[in-house]
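Each chain, letter by letter, is given below.
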Amino acid sequence: MILFWYKKTKRGVGTLEKRIEELFWKVSDVIRGYHSQREMFDVFVALMYLNYISDKYHAEMRNGKINKTQLKIAGALKEELEILDYFESLPYFETFKKVDLEIILSELSNFNKANYISIIEKLLNIDHFEIGEVTTNIHLTKLSQKLLGEIDGSFADLCSGYGSFIIDTFHNKSIDLIDSYEINESNIFIQKALSTILNVESNVMRSNVLMEQIGKKYDYIFSAPPMGLRVQKQIVEQSIQESDSLISNYLRSNSSEWLFINKILGSLKDNGRAVVLVSNGTLFKTVDEPIRKTIIENGLLEGVINLSDGMLGKYTSIPISVLIFNRNQNDFIRSVDATNIFTKNRANKFLTSDNINEIIGMYYSDESIVKIKNLNQNDFVLLKSRYQFVGELEDFITISEIIKDLFRGVQISSRDYEKKIVKKGTEGSVNLLSLGNISEYFIDTNLETINPEGIRYERYILEDGDFIISAKGSKIKTAIFDSSLIPETTVPLGNVMVLRVNKDKYNPYFLKVFFSSGLGQKLLENAQTGSTIVSLNKKNLLELKIPRVSLEQQKKLVIDYLVSRDSYAYVLKEVGKKQQELELFLKDLSWE
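Just so we're clear, the structure is a prediction, and the values are computed from it rather than from any experiment.

## Details of the overall build of the protein chain
Here's step 1: Scanning the protein chain for helices and strands turns up 20 helices and 24 strands.
Here's step 2: The buried share among the 592 residues of the protein chain stands at 52%.
Here's step 3: Only carbon and sulfur atoms are counted for the fraction: they give 48% of the accessible area of the protein chain, which is about 29000 Å².

## Regarding the pattern of salt bridges
Between side chains of opposite charge, pairing is possible as soon as their charged atoms come close.
Here's step 1: A complete count under the given rule lists 22 salt bridges for this structure.
Here's step 2: Measuring nitrogen to oxygen at the nearest pair gives 3.2 Å for the salt bridge that ties Lys-68 to Glu-88. With Lys-68 in helix α3 (residues 68–74) and Glu-88 in helix α4 (residues 78–89), this pair connects stretches of sequence that are 20 residues apart.
Here's step 3: With a relative accessible area of 12%, Glu-88 lands in the buried category.
Here's step 4: For Lys-522, the salt bridge identified is with Glu-525, shortest N-O distance 3.8 Å. With Lys-522 and Glu-525 both in helix α18 (residues 518–526) and three residues apart, the pair spans about one turn of that helix.
Here's step 5: Looking at Lys-522, the relative accessible area reads 22%, which means it is partly exposed.
Here's step 6: Salt bridges sharing common partners tie together Lys-68, Asp-85 and Glu-88.

## Topic: a nonpolar patch on the surface
Here's step 1: Taken together, the side chains of Leu-582, Phe-585, Leu-586, Leu-589 and Trp-591 present a nonpolar region at the surface, about 620 Å² in accessible area.
Here's step 2: Topologically, Leu-589 is positioned in the segment after α20 (551–587).

## Digging into the sheet that holds strand β17 (residues 448–450)
Here's step 1: Taking strand neighbours across the sheet as the criterion, the three strands line up as β17-β16-β20 in an open arrangement whose pairing is mixed. Looking at the sheet topology across the chains shown, the edges are occupied by β17 and β20 (490–492). Ignoring which end each strand starts from, the neighbouring axes of this sheet average 40 degrees apart.
Here's step 2: Here strand β16 (residues 430–433) runs beside β17; their pairing, made up of three bridges, is antiparallel. Among the inter-strand pairings, Val-430 is bridged to a residue of β17, identified as Ile-450.

## So, the packing of helix α17 (residues 508–516) against α20
Here's step 1: Interhelical geometry of α17 versus α20 gives an angle of 70 degrees and a closest axis separation of 9 Å. Classified by the angle their axes make, α17 and α20 are roughly perpendicular. Relative to α20, the crossing made by α17 is left-handed. Counted together, Tyr-509, Phe-510, Lys-512 and Val-513 of α17 and Gln-554, Leu-557, Val-558, Tyr-561, Leu-562 and Arg-565 of α20 form the full contact between these two elements.
Here's step 2: Residue composition of the contact of α17 with α20, by class: seven nonpolar, one polar and two charged.

## Observations regarding the sheet that holds strand β4 (residues 178–182)
Picture the strands of a sheet paired through backbone hydrogen bonds; they go either parallel or antiparallel.
Here's step 1: The sheet built from nine strands is open, its strands ordered β5-β4-β3-β6-β7-β9-β8-β10-β13 with mixed pairing. Sheet topology places β5 (203–206) and β13 (369–371) at the edges, where each strand pairs with a single neighbour. Across this sheet, the average inter-strand angle for adjacent strands is 20 degrees, counted without regard to direction.
Here's step 2: Here five bridges tie strand β8 (residues 301–307) to strand β10 (residues 332–338), and the two strands are oriented parallel to one another.

## Quick look at helix α14 (residues 353–363)
Because the α-helix completes a turn every 3.6 residues, residues three or four places apart line up on one side.
Here's step 1: Along α14, the residues that are buried comprise Asn-355, Ile-356, Ile-359, Ile-360 and Tyr-363. Projected onto a plane normal to the axis of α14, the buried residues spread over an arc of 130 degrees and lie on a single side. The exposed set on the far side of α14, more than 90 degrees from its buried face, consists of Ser-353 and Asp-354.
Here's step 2: Looking at the buried side of α14, the elements it contacts are α7 (138–148), β8, β9 (320–326), β10, β11 (343–345) and β12 (348–350).

## Regarding the side chain of Thr-196
Here's step 1: With respect to the helices and strands, the residue Thr-196 is situated in helix α9 (residues 185–197).
Here's step 2: Owing to a relative accessible area of 14%, Thr-196 belongs among the buried residues under this scheme.
Here's step 3: There is a polar contact of 2.7 Å between the side chain of Thr-196 and the backbone oxygen of Lys-192.
Here's step 4: Discounting chain neighbours no more than four positions away, the residues touching Thr-196 are Tyr-49, Tyr-52, Glu-80 and Ile-83.

## Quick look at the pairing of strand β18 (residues 467–470)
Here's step 1: Neither face of β18 is left uncovered, since the one carrying Phe-467 and Ile-469 and the one carrying Ile-468 and Ser-470 both have all their residues buried.
Here's step 2: Of the pairings in the sheet, the one linking β18 to strand β19 (residues 478–480) comprises three bridges and is antiparallel in character. Along β19, the bridge assignment pairs Phe-467 with Ile-480.
Here's step 3: By the bridge criterion, four bridges tie β18 to strand β21 (residues 496–501) in an arrangement that is antiparallel. Bridge pairing in β21 places Ile-468 opposite Val-498.

## Quick notes on the packing of aromatic side chains
Here's step 1: Per the stated rule, a full pass over the model turns up 14 aromatic pairs.
Here's step 2: Pairing Tyr-49 with Phe-87 gives two aromatic rings, centres 5.9 Å apart and planes at 55 degrees, and the pair type is tilted. Highlighted residues: Tyr-49 in helix α2 (residues 37–57) and Phe-87 in helix α4, separated in sequence by 38 residues. As far as the burial class goes, Tyr-49 and Phe-87 line up, both buried.
Here's step 3: Above the ring of Phe-111, the side-chain terminus of Arg-19 is found at 4.5 Å from the ring centroid.
Here's step 4: The residue whose ring lies beneath Lys-192 is Phe-189, and the NZ or CZ to ring-centre distance is 5.5 Å.

## What to know about the confidence of the model for the protein chain
Here's step 1: Put simply, the protein chain has an average pLDDT of 83, and 88% of its residues get 70 or more.
Here's step 2: Within the model, pLDDT remains below 50 along residues 1–13, and this stretch shows 39 contacts once partners closer than five positions in the same chain are excluded.
Here's step 3: Scored below 50 in pLDDT, residues 127–134 shows 28 contacts in the model against residues more than four places distant or in partner chains.

## Points about α20
Here's step 1: Taking 1.5 Å per residue, 37 residues should reach 54 Å; α20 reaches 53 Å between its end C-alpha atoms and fits that length.
Here's step 2: Those residues of α20 lying buried are Gln-554, Val-558, Tyr-561 and Arg-565.
Here's step 3: In this fold, the buried residues of α20 make contact with α17.

Procedures and definitions
- Residues numbered from 1 in each chain as written.
- Predicted model: local features only at pLDDT ≥ 70, side-chain atom pairs only at ≥ 80, totals over all residues.
- Heavy atoms only, no water.
- Helix = DSSP H or I, 4+ residues; strand = E, 2+ residues; numbered from the N terminus.
- Buried < 20%, exposed > 50% of the residue type's maximum accessible area, 1.4 Å probe, protein only.
- Areas by Shrake-Rupley, 256 points an atom, 1.4 Å probe, with all protein chains shown as cover.
- Salt bridge = Lys/Arg side-chain N within 4 Å of Asp/Glu carboxyl O.
- Patch = residues over 30% accessible without salt bridge, like charges linked within 9 Å, V, L, I, M, F, W, Y side chains within 5 Å.
- Pairing = 2+ DSSP bridges.
- Axes fitted to C-alpha atoms, helices over the stretch in contact; angles between N-to-C directions.
- Parallel < 35°, antiparallel > 145°, perpendicular 65-115°, else oblique.
- Left-handed = near helix turned anticlockwise from the far one by under 90°.
- Contact = heavy atoms within 4.5 Å.
- Nonpolar A, V, L, I, M, F, W, Y, C, P; charged D, E, K, R; others polar.
- Arc of directions from axis to C-beta.
- Polar contact = N/O pair within 3.5 Å; in protein donor to acceptor, adjacent residues only side chain to side chain.
- Phe/Tyr/Trp six-rings, centres within 6.5 Å; stacked < 30°, edge-to-face > 60°.
- Lys NZ or Arg CZ within 6 Å of the ring centre and 35° of its normal.
- pLDDT = per-residue confidence, 0-100.
- Expected span 1.5 Å × (residues − 1).

Now the structure itself:
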């Protein structure tokens, strides 16, 4: 739910929920004229805190300022006064008209302390990417709480943000030690304010988790560290020095989330349990394979849950996963593909209680078990989809066994490309095959033609029957080059990959049919790497398993496929003709 960006939704059924909606609507209506989106959350929390402190100690408030003499006489705590000083030092309240400030405080005064948890729960359930701030959404908090289990020992949240996990978990429960580590000063005071209002007894500390020694061991840890952070080399070195973890030797600047995990494992007791939210790139990057291998083979990883993209907010498509750590020695991990389990409200994805229970049920089922032996055979990639089809092909061979060559197309800069375009049929010219020329079943025969002078293209000339596949992009395209349809010299561009199939071993059209099937598409997706720019990994592609089928059987299926494909092409052609006839009819109409 949002403030400046808050929009009225369908009215809640409960009276309190209706009142809270009205509160957000009225307050945001006042605030929007004064502050940016990023400031809205801070302003609202500050106003809540001022109202809470004023009410608690019966202190007079004027123009957003509380009589501190009254507070001290009434016994206000030192930390309560420090939080108040911080909020009063902000320039926000100076911009309010007195009448507007009174409206907001009047609205807040209609709620008592018992109502504040409901207000804060809704306040924290914000799409934080919209305001440029990241903290854990409530539905991810609820899922993580289930995975941590009953917390009956010491707890820490590393990179705690606004403290949403701690506040939601401990507002009605007390344990001996709750430590919160956060680097951002504004987040710290917001967290302290919310914790004070809800009487959550936590130690909120300003800390650079990577560079500073934590010096404690905890029974339970939760963390949602920054994703995709590029860490300077000296910070990596210092972070490693502050740790004696098994994975220290493999850490590097572009493995930032593993740097945080390294700290988490170093702060976890021998029988401890940790839940960490990470981006999916952490789970399959080749450079991080030694880290995953070491953690898994040493029994530190209990399991992984792959979630849908968009779970961090509607303004980011980063797919994320949950890693669950403990020190139990097993010969397997639990792995769940929950990418299709979510509820959607317009552009927002979230997890309901039913969604969370379904994921937890899947996690603790036998179907979630993946043996370490299997992980080893797949570079310790932690994406469940990588293992879902293992065993479906009882008799198989690999791509590497049926090809004579594998190469990416020629690289031509966009500037050179435009300069070299010539008219089709120009002597010495060559065709260029791009990803855009490939549709689901066909290759467009109307290709761009260039003068190849200065380009070493001979290595890339396509041959009849070459299997073409997209090298980049989340949508995988495949095709077979047919020299009878495109007889001119043709070379592929760098956004496609070419497999030159040994036709004595495998029919390239059969390969096309297999990779167009549901199973084939899934296997190709598993061979892709990259989170921002998705690309087909050559090593993974060569290791893909395909059906071992006799050439005679392949030929029969290919004939059926080509007949169906050509019939489809004929229908498309006839539809095109009818469309042209209709357009001509409409064009020639005269109303004179």
